[in-house]
Every structure is written in structure tokens, then in C-alpha cells.
Amino acid sequence: MVELNAPQAQAVAHPSGPLLVFAGAGSGKTRVITFRIANLVAREGVSAHRILAVTFTNKAARELRSRLEGLLGEDLARRLWVGTFHSLGAKLLRLHGGTIGLKKDFAIYDGTDQKALIARILKDLAIDSKEYAPKALLGQIGHYKQQNIRVDALAADSAHMKVVQQVWAQYEARLRTANALDFEDILLRGGELLDEELRLGVVGVRERFDHILVDEFQDTNGTQYRWLKGLAHFHRNLCVVGDDDQSIYGWRGADVRNIQSFRRDHPDAEVVKLEQNYRSTARIVEAALAIVAKTTVREPKKLWTENEAGEPIHVVELPDERAEATFALRCIRDALDEGASPADFAVFYRLHAQSRVLEDALRTARVAYKVIGGTRFYERAEVKDALAYLRLALNPSSDVDFLRVVNVPARGIGDTTVERLASRAKRLGKVLFEALDNLEDEGTIAPAARRKLEAFRALINGFQRAITEDTPSAFVDRVLEATGYRKSLEKEDSVEADARLGNLEELRSALLDFERECSLRGEDPTIATWLENAALHSEADNAAGEAVSMMTVHAAKGLEFPYVILTGMEEQLFPYRGLDPGERDELDEERRLAYVAITRARERLVCTHVRARQLFGQTRVGIESRFLRELPRSTTERFRVNSFGRLTPAAHQGRSAETSRRVDARVDTSYFSDVNHGEAFDDDSAMRPGSMVRHGTFGPGRVRSLERRGQEVAAQVEFATFGVKTVYVRFLVDDE
Ligand code: ATP
Ligand code: MG
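Undergrad: An account of the overall build of the protein is needed here, citing residue identities and associated values.
TA: Looking only at helices and strands, the protein features 24 helices and 22 strands. Referenced to the eigenvectors of the C-alpha coordinate spread, the extents of the protein come out at roughly 85 × 80 × 50 Å. Within the protein, the proportion of its 736 residues that are buried is 52%. For the protein, the exposed area adds up to about 32,500 Å²; of that, 48% sits on carbon and sulfur atoms.

Written as C-alpha cells, this is what we have:
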């Protein structure tokens, strides 16, 4: 096996001074970084602890480190400085921060800490937190800090901005008093440290490393770039690798012009271009290039591969997002039957909120999965809060759930009150909820606090009555309303709050799906059954070893998988932004994002789009994404899944659709084995009364009758062991 091609070897052997590796996806950029580090240590005699390598995500950093362990052995690899900007920055500030008056043991505030700090400041300054939501203020402050704007330099030209400035100034002052830094500070203070060293003429951090290497350079922002330049100040051994076609963090202050700045700042830099893709089949490379070629601003570069053409990319149209999830599951299962491992699979989506339906399909089928760079749907804070209310309504003795929500959303029940209630419960030998009875006898709890606790008890009592009457989805709605949970998020009015509201809508949709499925099975949908399933599944998940990876496309950067399923390829979802005239930049970024998504796949790529999608509690009509329509015909094969779950070849879409030729599907993938080739296909004739079928849970049976229900078709089936049941046809497979 050739380990390195000529330009890769050139970049690896580059002796010293600035180096720019500029290349397309899968061409070995990360491999160059890895081999270059190994070469510096093993051949050039550079001490491992004097090499700093920066990557973009923790996952990428772990990956890099494990590859280096393979090349150098654990001992040497451990001494290297490998990490993200934040983790490395924090580590350096602990060692050198004294120069700018930082104490070694500073704390790092995360989102929750920051929010608590802002809330306290608002209270002290008597500013209405309804008018100035902490989350929104934090977002604004973070944005300024990323732009390297200082609080005293802020143009406070309106009443609103004056408040922002006042809060921000307090925020900075209190961070300092608390000896704490937020994430932005890590980089800003790092920059300050470099400036201060320069002013004092001391070396310190600027002299710490002999080589600096940066992966995914296209997504660094201005502050990060200044920091890198400072660290490489003396030796200028700065090696950056990147691909402007993969710049996907414009909204986070990342700046693709960094690659241009690098060339300007280092006119003597050696520039190496890598043009051979080693990762993907020729069809995948060609498809990805077709999409990114249309961006308006782009550095010209080549990308080719010697790899085989490979399977066609499957573009599959489905009725809705649930059918899409079932189909994704089917692709995965068929490959598992062929001997693939769950770890070979990645399922991508544009938005976190899309994951719920996909997760449900995998959970129900007991296929292990993990969510990369995000939280599994049922573990997200707001979903857990809602579940805690549901459990509490069913079983008020659950102290864990009681404690989770007694003051969520904030209803003025403080920690002291809760502690006193807990001692009372202990004294009486009761659970917390029962300890709420006869509170007037409790001397330690003041009347104001008592009234709040009693109101909480009344709230839960109300839920206990309603849970037997409401449908599960209506009950969740009731909980979100009556607790004020939804309203408190609406008031926050921030991007994060919107995402949380979206997740709660998804939870409602999950219960609606559950109700629909129960009614088809003739079962009574109860919250208790649903919760039981949810609990069971999460236990099964924890036992998992190898798992399917699920993630947003953003989180997929730098990774690769043999099989990729790219879901939700619809207009207004992917591309998500840039649809209005004048938003070319946004559309360009969506294109680059699609390029990133496609180039993650090594062998097999399946792209799905649906005709109707429920998302954020709303149904939208699905129109196939322009990105799929732009794929060259030679790279794709198109299919359509009807409401029976049946797969048929479909005509090519897009500009040349007039000539719509029938696809001669010759696919060796087994999930295509039931493709109905050639003959005209009538949606509703595929499965007839009398057809032998098989259901995942109920086993074999015979169809008695069929009936259309909205978008779907339901079948009455006589099962061999379970008797007559009505089920959606998409849950059935042909058994003839
Ligand atoms: P991305 O732009 O997605 O970050 P990249 O340019 O960093 O991609 P790598 O991840 O380094 O690319 O390499 C892609 C794949 O090709 C990896 O599996 C890597 O091992 C393989 N590869 C790279 N160069 C060679 C080579 N010369 N010979 C064999 N395999 C190679
Ligand atoms: Mg890479």
C-alpha cells in the first residue's frame, strides 16, 4: 500500500516555515497532519511536547490522537499537545496566565453558569428579565466577544444598547471577581497574553512550541487565527490544512478568508495541493463536486480519484418522515444481515429536531445508535423535564422526578425551602410529595414558601386527575401549558429556546405517533405504556457496544463512514437557508454543507426525501432538494417508496426529466430486491387481499382487506398466532 503520494510526502517532509495544504475532501489532509507530526518526532528529533496540533471538535481530536498512538506509541503520543482551540487555550492559560494576572485555578463557566450569572445581575440591577431575556443577552455578548469588540467600545446609542452595555460590564466584572472565564474569554485572554508578552519582551507561551499544526483551517475565526500567529511568532513553523469548499461555520464567525489572509501574511509559504481523493467511490466524488461547483465564490481546485465507480447513489422518495425512518432502518438491517457492523453506518440530518423519528425507529428495532455532537432526543433537558412531569403525575412518590421539576420553570421555590421539605419528609418517614400535606404544621417553612409548595401540589393533583382522561398527546400539551414551561421558553426568545420548543413539539408528535400506532393495533394508548417502552429502550441502548452514528451534517466534518444515509433532502430543510434572492452567501454555505455530507461516504450513499414532513409540530409539503436534482444522472439511481412500503424505480428528476427514462435497476443491495422492474406500477395494487405478509412483532399472516387512511394504507391482517389486527402496510413485508 502506498502510504503517501508525492504531494502528501512533500507536505510531510517540508522542513520548516509556513506551510499551507489546500485540498478537497478525502484527499488526505488529516493524514498529512498525522504523518507530519510523526515524522517531526521520529525523524527530525523534535520533542513531542513542543508540538501543538489543533482540530475542530473533541471527536476529531480523539481520532487524531489515537492515530498518532498507532504511529508513535502511547508514550510519545501522550506528550503531544492535541486538542481543540478551547481545550488547548485553557491549558496554556493555566500555565502562562500569570503574565496577565490570571490565577492558575480559574474556573470555566459553561452555558448554565453564564445564564445564572446574568440572571443575578439583572436582579441586582432591577432589570426586567422578561424584557431582557438572559439567553438573548448572552448571545449578544458572545457575538461581540467573538468579533473582538470590548465592552467599553460598544456603541451604546439606544436605551436598549445602554442596558446591554451595563449588563455586559457587570458580567465581565463579576467573572473577574469569581476568577472565571467563559469560552470566548479563553481565546481573548489568550490573545491578550500574547500581546502582553510582546510588550514586556518576555517569551513564555510564544516560545513553548516548535511546530503548530492546524486541521480544518477554513473554519477558524479571526481571534483563533491571531492566536495561532502569536504562537508561531518566532519560528513561523505554522502548518495549516484546509478546504474552502468545506467552510460551514460562517454563522459562528469563522472566516473562509483566513486561507487568503494566510497567504498574504506568509508570502513565502509553501503551498501544497492534494488532488487525489482516497476515501470515496468515483460516483460519490463526482456527485459532491457537481453540487459545490455551483457556489459563487470558490478557489479553483481539482479532485479526482482512482477508486472504482462504485454503486450508484440511491435517491429515494418516501411518503413521510416515518416511512423515511423505517426505510433507513431497513437499509441498515439489510447491511447488517450481509455482515456489516452498526458502526459502519452514519445517518445524517440537517437539524437536530429531525433525529427523533429516526431514533424512535432504531430504538423500537433495538438497533444500537449514538448521537454524535448532540444529545439523544430523550436525554435533552427539556424532554427530560417533560417526562419527569409525566412520571410524577403517574407516581407522585418519585422523589427524583419531584426534585427535577419542583422549581422548573422557576416558581420561586428555592433550595432552602426544598431542603426543609426534605428534612420534614425524612422526619415523617414519607416521600417529598406526601410531606406537602399539612404544611401549615411545619414551623421551618415560612407562609410565602408554603403557599408556593401548595400551589405545586395542586398542580400535580390536577395532573393526576387529567392523566386518565386526556389522550397522551393532549396530556403533554396540558403539562406544558399549566406549568408555564412553554411560556417561559417563548419569553426567552432566543435560538436555543426555539430549539427547545421545537423538541417539545417533537415530543408531542412522538405521542401522536404512538396513539396512531396503538389505534391500528386496537390497543388503548396510555402514558404508562409509552413511558415503559421509553425506559426499556434506553436500558437496551446503554448495553450497546458498536452503534450506528447519528448526527447533524455540521457534526460530521472530518469523519468518514462506509455507509451514509443522508435524510431530509428537501427544499427549505436542506438547503435550509439561502432560499430568498439576495441570500447567495447562505445558499453557498448550504452547498458546501451538502458537499461535506456527501464526501463522508466511502462506499454507499443513500439520500432520502419525503413528500410530507411533520417537523416542529407542523406538516410541510416536501419538495425534492435542488441538490439532489443537480446530481449527474450517471451517479444516481432513483426509487420511490409507496404507501405500502414498496420500492419502485422512479424517473430522473430535474431539468432533463422530460425524457424520463425508466431506470434499469441492477442493484445488489438486498433492500432493493423487491423492486418492481419494468412493468407499469399502480400504487395500490401491490398488496392484495389474500397476500401473505409478515409483521415484525406479529409474525406471518394473510391480508384480509385494505383501506386508505390519509397518506397511508392500513391492512386488516389475520395473523397466524395473534389473530386479526389492523396495521399500516408499511409495517408489513411481503411473505410470498
Ligand atoms: P476531509 O476533507 O474530509 O477532512 P481529509 O483530506 O482530511 O478529508 P483524510 O481523512 O486524511 O482526508 O483521508 C481520507 C481517507 O483516505 C482516509 O481513510 C485515509 O486513510 C485515506 N488516505 C489518504 N491518503 C492516502 C494514501 N496516500 N494512501 C492510502 N490511503 C490514503
Ligand atoms: Mg480531515
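Undergrad: Outline the nonpolar core, supporting the account with residue identities and numerical values.
TA: Core analysis: the biggest nonpolar cluster contains 48 residues, and L390, F402, F456, F475, L507 and W530 have the highest contact counts within it. Of all the secondary-structure elements, those providing two or more residues to this core are α15 (381-394), α16 (399-405), α17 (415-428), α18 (447-466), α19 (472-482), α20 (485-492), α21 (495-521) and α22 (527-542). Look past the residues within four positions of W530 in its chain and what remains in contact with it is Y378, L387, L390, L507, A510, L511 and F514. Counting residues in each nonpolar core, the second largest holds 38 residues, with F561, A601, L605 and L631 among its members.

Undergrad: Talk me through the pattern of salt bridges; I want residue IDs and the actual numbers.
TA: Counted according to the given criterion, the structure contains 49 salt bridges. Here R150 and E192 are joined by a salt bridge, their closest N and O atoms 3.7 Å apart. Taken together, the positions of R150 in the loop between α7 (134-146) and α8 (159-177) and E192 in helix α9 (residues 183-200) put the pair 42 residues apart, joining distant regions of the chain. Looking at R150, the relative accessible area reads 42%, which means it is partly exposed. Residue E324 is joined to R613 by a salt bridge in which the shortest nitrogen-to-oxygen separation is 3.1 Å. Of this pair, E324 sits in helix α13 (residues 321-337) while R613 sits in strand β14 (residues 601-615); the two residues are 289 residues apart in sequence, bridging distant segments of the chain.

Undergrad: Could you give an account of the site of ligand 1, naming the residues involved and the relevant values?
TA: Neighbouring ligand 1 are 20 residues, the closest being K29, T30, Q246, E560 and R600. One nitrogen or oxygen atom from the main chain of R31 is found 2.8 Å from an oxygen atom belonging to ligand 1. In this structure, an oxygen atom belonging to ligand 1 sits 2.8 Å away from a side-chain N or O atom of R279. For ligand 1, the accessible surface in isolation is 640 Å², of which the surrounding protein chains cover 90%. Residue contributions to the shell around ligand 1 peak at 3 residues, all from helix α2 (residues 29-42). The residue inventory of the shell around ligand 1, partitioned by class, reads 4 nonpolar, 9 polar and 7 charged. Counting only domains with at least three residues in the shell around ligand 1, you end up with domain 1 (6-100 + 186-276) and domain 3 (313-338 + 345-376 + 549-640).

Undergrad: Can you break down the sheet that holds strand β22 (residues 732-734) residue by residue, with the values?
TA: On the basis of which strands lie adjacent, the open sheet formed by 5 strands has the order β21-β20-β19-β18-β22 and antiparallel pairing. Edge positions in the sheet fall to β21 (723-728) and β22, since each has one partner strand and no second. Across the sheet, the mean angle from the axis of one strand to that of its neighbour is 45 degrees, orientation sign disregarded. One ladder, built from 4 bridges, connects strand β18 (residues 692-695) with strand β19 (residues 699-709); its direction is antiparallel. Opposite H695, over in β19, you have G699 as the bridge partner.

Undergrad: Please set out the confidence of the model for the protein residue by residue, giving values where relevant.
TA: Averaged over all residues, the pLDDT of the protein is 86; the fraction at 70 or higher stands at 92%. In this model residues 539-543 is a low-confidence stretch, pLDDT under 50, and it forms 4 contacts with partners more than four residues away in sequence or in other chains. Residue range residues 654-685 is modelled with pLDDT below 50. Its contacts to residues more than four positions away, or to other chains, number 67 contacts.

Undergrad: Could you give me a rundown of helix α3 (residues 58-72), with the residues and numbers involved?
TA: For α3, spanning 15 residues, the distance from its first C-alpha to its last is 21 Å, which sits close to the expected 21 Å at 1.5 Å a residue. Taken residue by residue, α3 has A61, L64, L68 and L72 as its buried positions. Taken down its axis, α3 places every buried residue within 65 degrees of arc, on the same side. For α3, the exposed residues lying more than 90 degrees away from the buried face are R62 and G70.

Undergrad: Any chance you could break down the environment of I445 for me, citing the residues and the numbers?
TA: The residue I445 is located in the loop between α17 and α18 in this model. Its relative accessible area of 6% is what places I445 among the buried residues. Sequence separation between I445 and L71 is 374 residues; the distance between their C-alpha atoms is 64 Å. In this view, I445 contacts T417, R420, L421, L439, R450 and L453; residues no more than four positions away in its chain are not counted.

Undergrad: Explain the packing of helix α12 (residues 282-292) against helix α23 (residues 584-598) to me, using residue names and the numbers behind them.
TA: Packing of α12 against α23 leaves a shortest axis separation of 8 Å and a crossing angle of 175 degrees. It follows from the interaxial angle that α12 and α23 lie roughly antiparallel. Taken together, the residues of α23 that come into contact with α12 (itself represented by I284, A288, L289, I291 and V292) are R591, R592, A594, Y595 and I598. When the residues that make up the contact of α12 with α23 are grouped by side-chain class, the tally is 8 nonpolar, no polar and 2 charged.

Undergrad: Go over the pairing of β14, please, and point to the residues and values.
TA: With 11 of its 15 residues buried, β14 lies for the most part within the structure. Pairing of strand β9 (residues 313-320) with β14 involves 6 bridges; the strand directions are parallel. Across the sheet, the residue bridging to V315 is C607, located in β14. Pairing of β14 with strand β15 (residues 618-621), which is carried by 4 bridges, proceeds in the antiparallel orientation. The residue of β15 that forms the bridge with A612 is V621. Here β14 folds back onto β15, and the loop between the two strands holds 2 residues, one of which, F616, carries a positive phi near 55 degrees.

Undergrad: Explain the sheet that holds strand β1 (residues 19-23) to me, and be specific about the residues and the numbers.
TA: Strand order in the open sheet formed by 6 strands is β3-β2-β6-β7-β1-β8, with parallel pairing between adjacent strands. Two strands lie at the open edges of the sheet, namely β3 (81-84) and β8 (270-274), each paired on one side alone. Across the sheet, the axes of successive neighbouring strands diverge by a mean angle of 15 degrees, strand direction being ignored. Judged from the 4 bridges that link them, strand β2 (residues 51-55) and β3 form a sheet pairing that is parallel. Along β3, the bridge assignment pairs A53 with V82. In the packing of helix α5 (residues 85-96) onto the sheet, contacts are made with β2, β3 and β6 (211-214), and the angle to β3 comes to roughly 120 degrees. Across the face of the sheet, helix α10 (residues 222-231) comes into contact with β2, β6 and β7 (238-242) while running at roughly 155 degrees to β6.

Parameters at a glance
- Counting restarts for each chain, with residues numbered from 1 along the sequence as it is written.
- Key to labels: chains lettered from A, ligands numbered from 1, both in the order written.
- For this predicted model, a pLDDT threshold of at least 70 governs which residues receive local features, and a threshold of 80 or more governs which side-chain atom pairs are given and counted, while totals over whole chains, interfaces and linings are taken from all residues.
- Side-chain descriptors were evaluated using all non-hydrogen atoms of the structure, hydrogens and water having been removed beforehand.
- Strands are runs of DSSP state E lasting at least two residues, helices are runs of H or I lasting at least four, and both sets are numbered from the N terminus onward.
- Summary of the burial criterion: residues with accessible area below 20% of their type's maximum are buried, those above 50% are exposed, and those between are partly exposed, where the area comes from a 1.4 Å probe applied to protein chains only.
- Only the protein chains shown count as cover for residues, with accessible areas throughout obtained via the Shrake-Rupley method and a probe of 1.4 Å.
- Among the buried residues, those of types Ala, Val, Leu, Ile, Met, Phe, Trp, Tyr and Cys that are joined through side-chain atoms within 4.5 Å form a nonpolar core.
- Residue contacts follow a heavy-atom distance rule, with two residues in contact if any of their heavy atoms lie within 4.5 Å.
- Salt bridge criterion: a side-chain nitrogen from Lys or Arg within 4 Å of a carboxyl oxygen from Asp or Glu.
- Throughout this document, a residue counts as near a molecule or strand when at least one of its heavy atoms sits within 4 Å of that molecule or strand.
- We define a polar contact as two N or O atoms separated by no more than 3.5 Å, with the added condition that, inside protein, one atom must be a possible hydrogen donor and the other a possible acceptor, whereas residues neighbouring each other in sequence contribute only through side-chain atom pairs.
- Lys, Arg, Asp and Glu make up the charged group, whereas Ala, Val, Leu, Ile, Met, Phe, Trp, Tyr, Cys and Pro make up the nonpolar group; the residues left over, Gly among them, are polar.
- The domain boundaries here were taken from an automatic or database domain assignment.
- When DSSP finds two or more bridges between a pair of strands, those strands are recorded as paired.
- Fitted lines through C-alpha atoms give the axes, limited to the stretch in contact for helices. The angle between two N-to-C directions lies from 0 to 180 degrees.
- pLDDT: the predictor's confidence for each residue, scored from 0 to 100.
- By this rule the span expected of a helix is its residue count minus one, scaled by 1.5 Å.
- In this description, the arc belongs to the directions extending from the helix axis to the C-beta atoms.
- Angles below 35 degrees are treated as roughly parallel, those above 145 as roughly antiparallel, those between 65 and 115 as roughly perpendicular, and all remaining angles as oblique.

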